[in-house]
Amino acid sequence: MPRPLADQVRAIAAQYPESRSAVMPALRIAQERHGGWLPPEAFEEVGEALELTPAYCKGVATFYDMFHLAPVGRRLVEVCTNICCGLRGAQEVLSAFERALGVQPGETTPDGEFTLRAVECIGGCGWPTVVAIDDRHRLNVTAGDVPQIVQELRHE
Amino acid sequence: MSTAELVTVRIDERSVQVPKGTGLIETAAAAGIEIPVFCYEPRLGAAVGACRMCLVEVEGMPPKPQAGCTLTAQDGMVVKTARTSEMARVAQNATLEFILVNHPLDCPVCDKGGECPLQDLTFRYGPGSTRMTFEKRTFEKPIPISPAISIDRERCILCYRCTRFSESVSEDNQLVALNRGAQTLIATFEDEPYTGAFTGNVTELCPVGALLPTQPRFQIRPWELQSVPTVCGLCPVGCNIDANQREGKVRRVLSRNHPEVDEGWLCDKGRFGFNHLYAEDRITDPLRRVRRRGLEEISWEDALDDAERLLREAGGRIAVALSGSETTEQAYALAKLVREGLGAHTAMLPEEIGGGLDAFRAPLSAIRDAELIVVLGDDPVVERAPIVDLWLRKARRAGAEIVEIGPAGDIQTAPGTTARACRRLIRGDLGDRLRASERAILIWSGGGAGGGSHLAKLAAELGLADKPGSGAFFLPETANGRGVAEAWAAVSDEEGPEPEPLSLLIVSGDEAAANPNVRALAERAERVLAITMFHSLAAGWADLVLPGTSYLERDGTYVNLEGRIQRLRRTSIPPAPDELAWIAQLAARFGIELSPYPSLVFAELSERAFGGVTYEDLGEQARLPERVPLEAAPAESPDEPVPAKPAAGALQLLRYRPLFSGAAVERVAELQFQRPARVIELSAKDAKRLGVKRGEPVGVRSNGTSLELRAAINKKLKAGVARIAEEHARDLHPTVEVSKP
Amino acid sequence: MSDVIVLAGADERDLTQLGEYRALGGYAQLERVRGMAPADVIGELNAANLRGRGGAFFATGRKMQFIPGAEQNPNPHYVCVNADESEPGTFKDREIMNRVPHRLIEGSLIAAHAIDSQHVFIYIRGEYLDAFETLRAALDEARKAELFDGVTIVLHRGAGAYICGEESGLLESLEGHRGQARSRPPYPAISGLYASPTLINNVETIATIPKVLELGGAEYAKIGAPPDSTGTRLFCVSGNVVRGGNYELPMGITIREVIYDLAGGIPDGRALKAVIPGGSSMPILTAGQIDVPLEHDALRALDTFLGAAAVIVVDDRACMVQLGLRVAQFYMHESCGKCTPCREGTRWMVQLLEAIEAGEATHSQLDLLLDVCDRILGKCLCPLGDAAAMPVASYVVKFRDEFRAHIDQGGCPFGGESSLDGLFAPVDQHTHHPVVEEGVPA
Ligand SMILES: Cc1cc2nc3c(=O)[nH]c(=O)nc-3n(C[C@H](O)[C@H](O)[C@H](O)COP(=O)(O)O)c2cc1C
Ligand code: SF4
Ligand code: FES
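Report follows, based on the coordinates. Model, not experiment: these values are computed from the prediction.

1. Remarks on the site of ligand 2
Here comes step 1: Surrounding ligand 2, one finds 13 residues, the nearest of these being Cys 156, Cys 159, Tyr 160, Cys 162 and Cys 206 of chain B.
Here comes step 2: When its residues are assigned to classes, the shell around ligand 2 shows twelve nonpolar, no polar and one charged.

2. Notes on empty space enclosed by the protein
Here comes step 1: Enumeration over the complete set of coordinates arrives at 13 cavities of 30 Å³ or more.
Here comes step 2: In this structure, the largest cavity occupies an estimated 170 Å³ of space.
Here comes step 3: Lining of the largest cavity is provided by 17 residues; of these, Asp 65 and Glu 120 of chain A together with Arg 125, Glu 127 and Gly 160 of chain C occupy positions nearest its centre.
Here comes step 4: Within the residue set of the lining of the largest cavity, elements represented by two or more residues are strand 2 (114-119) of chain A together with helix 13 (320-334) of chain C.
Here comes step 5: For the lining of the largest cavity, a count of residues per class yields seven nonpolar, three polar and seven charged.

3. Focus: the nonpolar core
Here comes step 1: Ranked by internal contacts, the top residues of the largest apolar core, which has 182 residues, are Leu 27 and Tyr 64 of chain A together with Leu 369 of chain C.
Here comes step 2: Taken domain by domain, the makeup of this core includes at least three residues from each of domain 1 (5-63) and domain 2 (75-155) of chain A.

4. Details of helix 8 (residues 167-174) of chain C
Residues and elements named next belong to chain C.
Here comes step 1: With respect to burial, helix 8 is a largely interior element, seven of its eight residues being buried.
Here comes step 2: Among the residues of helix 8, those classed as buried are Ser 168, Gly 169, Leu 170, Leu 171, Glu 172, Ser 173 and Leu 174.
Here comes step 3: Taken from the residues just after helix 8, Gly 176 is the one with a positive phi, measuring 95 degrees.

5. Considerations on the sheet that holds strand 3 (residues 55-58) of chain B
Residue and element names in this part refer to chain B.
Here comes step 1: Read from one edge to the other, the open sheet built from five strands follows the order 2-1-5-3-4, with strand pairing classed as mixed. Either end of the sheet is taken by a strand with one partner, and the two such strands are strand 2 (14-19) and strand 4 (66-67).
Here comes step 2: Direction of pairing for strand 3 relative to strand 4: antiparallel, over a ladder of two bridges. Across the sheet, residue Val 56 finds its bridge partner in strand 4, namely Gln 66.
Here comes step 3: Running over the sheet, helix 2 (residues 86-101) touches strand 3 and strand 5 (78-80) and is turned about 160 degrees from strand 3.

6. Some words on the pattern of salt bridges
Here comes step 1: For the structure shown, the criterion picks out 94 salt bridges over all chains.
Here comes step 2: With a closest N to O distance of 2.6 Å, Glu 171 of chain B and Arg 397 of chain B form a salt bridge. Here Glu 171 of chain B is found in the loop between helix 4 (161-168) and strand 9 (176-178), whereas its partner Arg 397 of chain B is found in helix 11 (residues 386-397), with 226 residues between them in sequence.
Here comes step 3: Under the relative-accessibility criterion, Glu 171 of chain B is labelled partly exposed at 28%.
Here comes step 4: Overall, the relative accessible area of 39% leaves Arg 397 of chain B in the partly exposed class.
Here comes step 5: Across the salt bridge formed by Glu 20 of chain C and Arg 13 of chain C, the nearest N and O atoms sit 3.7 Å from each other.
Here comes step 6: Accessibility expressed as a relative area gives 34% for Arg 13 of chain C, which makes it partly exposed.
Here comes step 7: Residues participating in the shared-partner salt-bridge network are Asp 106, Lys 141, Asp 152, Glu 154 and Arg 155 of chain B.

7. As for the site of ligand 1
All names here are of chain C.
Here comes step 1: In the neighbourhood of ligand 1, 19 residues make up the surrounding shell, with Gly 54, Lys 63, Asn 201, Asn 202 and Thr 205 lying closest.
Here comes step 2: The backbone of Glu 85 places a nitrogen or oxygen atom 3.3 Å from an oxygen atom of ligand 1.
Here comes step 3: In this structure, an oxygen atom belonging to ligand 1 sits 2.8 Å away from a side-chain N or O atom of Asn 201.
Here comes step 4: Surface burial for ligand 1 is 90%, taken as the share of its 610 Å² of free accessible area covered by protein chains.
Here comes step 5: Ranked by the residues each element gives to the shell around ligand 1, the list is headed by strand 4 (residues 198-202), at three residues.
Here comes step 6: Counted by class, the shell around ligand 1 contains four nonpolar, nine polar and six charged residues.

Definitions and limits used
Residues numbered from 1 in each chain as written. Chains lettered and ligands numbered in written order. Predicted model: local features only at pLDDT ≥ 70, side-chain atom pairs only at ≥ 80, totals over all residues. Heavy atoms only, no water. Near = heavy atom within 4 Å. Nonpolar A, V, L, I, M, F, W, Y, C, P; charged D, E, K, R; others polar. 1 Å grid on protein atoms, 1.4 Å probe; cavity = no way out; pocket = protein on both sides within 12 Å on 5 of 7 lines; lining within 4 Å. Points joined across faces, edges and corners; volume = space filled by probe spheres on them. Helix = DSSP H or I, 4+ residues; strand = E, 2+ residues; numbered from the N terminus. Core = buried A, V, L, I, M, F, W, Y, C linked by side-chain atoms within 4.5 Å. Buried < 20%, exposed > 50% of the residue type's maximum accessible area, 1.4 Å probe, protein only. Domains from an automatic or database assignment. Pairing = 2+ DSSP bridges. Contact = heavy atoms within 4.5 Å. Axes fitted to C-alpha atoms, helices over the stretch in contact; angles between N-to-C directions. Salt bridge = Lys/Arg side-chain N within 4 Å of Asp/Glu carboxyl O. Polar contact = N/O pair within 3.5 Å; in protein donor to acceptor, adjacent residues only side chain to side chain. Areas by Shrake-Rupley, 256 points an atom, 1.4 Å probe, with all protein chains shown as cover.

In structure tokens:
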């Protein structure tokens, strides 16, 4: 039995002078528990744990890019398309993922395995193109690497 | 308050002296200069500097435009507004251009048109034409955010006034901003209705036509309305309002800021409740009971003849049940008729408040400035006197300590034991701290006969009379219960025996007509004369019905819970003559001299009860009368009988009258969603013991009555107590058994 | 004396290990400082003329001096370490956290001592999972070794919002709100986190502190380009260079040296076209301006800034309109939405740039673009609006012919061959609410 969300959140909230500060960590935990995204119940759970309204929690969540308001695939593939990666071929990398996965950025594969996203700079500009897979960054990715990466991920 | 240091500020070559720290917007206004704003609204807390409409140039600050709303007056400050600074002019013009870039410019079909700050400021400061040629942001529109309010997101300029209200005034946190940047929008959670006592305020705060009340949608243009400065008559706060009428009908109600009473906030009952005036079952003609055929319309002449006959035949064996919604003048007139004219002294006053509180009189705004506040009683403040709840929240935000004593309080007490709690306070630590504080406030929120005198005794013991920052408030159930009681007493202090048999019961007003105790008395009465607005309240028991009117249809005065005498001004023409008019006629038939004009009746009453203040003295924003020094210790009312402790497993029933209930609310379509859900509130402990979860149906039983309600868990509620709204508790006895069905 | 300060020792040892860091004298300065009066610690930082590495170049010691003493403000005092590094082109703080986490921790504890604080928060951007884990492990180790002496350090993860790197957005976010910028004054030093006195510094600034104390302020002040640009910076080099990455060097090195001596020059035999000296929000320099030393005053003279020392190299394959569009898209996407000029202005900029890139704009719309930039500049609640307006305006001014060519030719003169062609801005973010229908831009 996993610990109830409220218990987990309470321990985190205790680190801060005001428990409201734990809203982001709590949303992150709720997101993990709900398979990578935040359905409406998640806001009610977080709200209940921190004595905030669900509306407030949703207001916070929708401000940040890493909270997902719609279901995502089992693996999250995020390709940086900001200028530094862009100057070095990020769009080809993104296109390669589109081809390999058969989806457009923002979409999830029909089998629910992958969500592909284009993202803003994720802080690896000296090693383009940066691709985040479930928040783990791969550096110096080229379009040529993509089929191999997708292959690996399918089997992991 | 100490007088703040005065500083001199130069604005556009004009010098102005203001207390140090005055907002720059207000400072400029004092110099007769407008700094335009959208997001700035000091009642919402610290300035946020979001809209950038107020940009000015300030000497000595970085060479770029500064947000005037976030600045305060400092000595020697030199400010240039758009009138004299090119930098500020360009900046303001830029802000307006940016705001209009995504605004639909649909003024001709917008209900805000004519009183829209965006429209006005665009006219004064804006670009003449648009350079924006691209597609604007579009949204589905307008959509309801509740049955009472709709939102048009394309018109929204994201000033965040509404969400700031929701977060830091009403503190309901239901209206929020979602998304980020240009995608930001205002919403409720999953588009659920925005529910709460104060939601309508956002329609006044919104500086554009984004949040509008649904009530007068497309029916009015602001410039066609006439605004009448009056006060709300739906709770004892007496919020100052501007009632807007066209063609003799109320079209909407707006707040009218009285800084000591309401600070410009209004509850939804006061704002949206006026439609009950036009309810289908409104009585417009006198009605007489005709055997078997029920009630039949009769002429006013016949009605007065009937009334005269009923009064004469009663031979003084008359009782009057009053509602507390009568104007002070009506109550006085009625008292004069039956007390002076007929020697009948028996009245059921709406509630017994008890005396002595005038020694601790303070404006409601004193709550905001208090350091220690004790709220005693069985009922949530918001249900009895909603604005007081906002003052309390403001006090808490300002750092006041608030201690609640009651069945759902910080200090838990059994229902019906508020008087005892008062006595305990006199000794105890908390009492000592109240005694030591310069700014201590006591509030009694709940029933309990003579609560006012218990509270006054407590306040006297704590020495609050000598501290101007302290005070004691009793929150009555009715809007003018105080005024009615004073008017009744002003006529005569004679007392008579309770009439037996009771020949005639006069039921004055809808609250009395709906009161089960009055109904019980009517069973004993040979005849009943009822004054009421609605058919359903008169049917079945009255012999003669005279049409009642509403606070929006009357001239006169109400005395609010502070003891402030405030003017009612007629906004809507009633469908029948108002009560005072025909009471005066009836009185004449008994040789009683009584003017049909409220001003003259008030003058007479004022001589007897209000120290001779005149209508003119009251003005549009009534002042609070001085404290009346305590002559003797307030008479102690006897305690209410404490309900017997329920048998093991049973719960003590705590009834409360929700804000959104009563004859007016029941008749307003837009308020139905605000009425209390069919729930029973249980303490966490009882819910656990009973094995019920939030939202589950439970059976509630007491002697012979049983009903099904949904469970709500109230973590603050005392174990052994179950709380149910009056309209759902109905015939339940004081002790109930709760179980899973 | 080696010129490597912040990363000193990291090439030779695994400084993520407490033992290794201590072997290099790690935490010795903390111990020494704890015996010093806070004012003396600040005195050293002032002597060093240590300036903030987060972008605004504000003197660190002076910032500490703004924090009122406990007598003036009895509220708890807070230290917030800004590890939100999100400006496109920057990735130095990540390297510091990954390689010398203990130096950051030691610096944080020294800063806490200097302002009499017991509470440190490190706000790390959510995308830095690796750095988060490294730092968390280092914190655990240091805590176990009882180095905190009653101070608490809370590691707080962001969740993807550039504005939370801006100090007031960071505070809002850390308090559990939407990370919208706050109006100032009051400044964080007076009323910051939980309305209490708060010191906010960048990771690199904080990680420099132990070494400043080790060397002594006066000695440190000799490094780099005194008097103002003292010490080293981690230059983040990216874009069209052979060897991108972080290079720690004294301030004052020229852009030419960075590109050609350190980063291996421009790959594929292409020509240099332009350089962004401090991260994507900074005005651009042309190929002819690369002999400028990377230090504050020299760059100011060219109307640009060192910012976060992110050197982005652009070769001749890049279309400047596309560059401007992509930069504007980023800032539109990251605008917190609180103030009007930034929220509406960045969106309008994007629309204008899209029209120009598509060849559908008029010359007057090019002027309008500049005017919109001008109407954003200096009028927003926080500098994010400027961060969009300044670079884009500089591209127009310095590469006006290229912008005009788009208009005159009715399309991009690169004809699909620009290295930035079709660069995709995220579209699936912040459109969550079902009732939104984003108008299709022209
Ligand atoms: C839009 C914006 C984004 C910023 N992002 C960062 C950031 O990611 N990291 C950072 O340290 N400072 C950032 N800053 C600067 C901070 O506001 C602040 O000046 C800095 O953290 C202070 O630290 P320092 O004095 O050590 O430089 C940003 C500023 C702005 C206006
Ligand atoms: S809906 Fe009205 S009050 Fe709310 S943010 Fe928009 S413009 Fe302001
Ligand atoms: S531009 Fe791609 S990681 Fe920075």
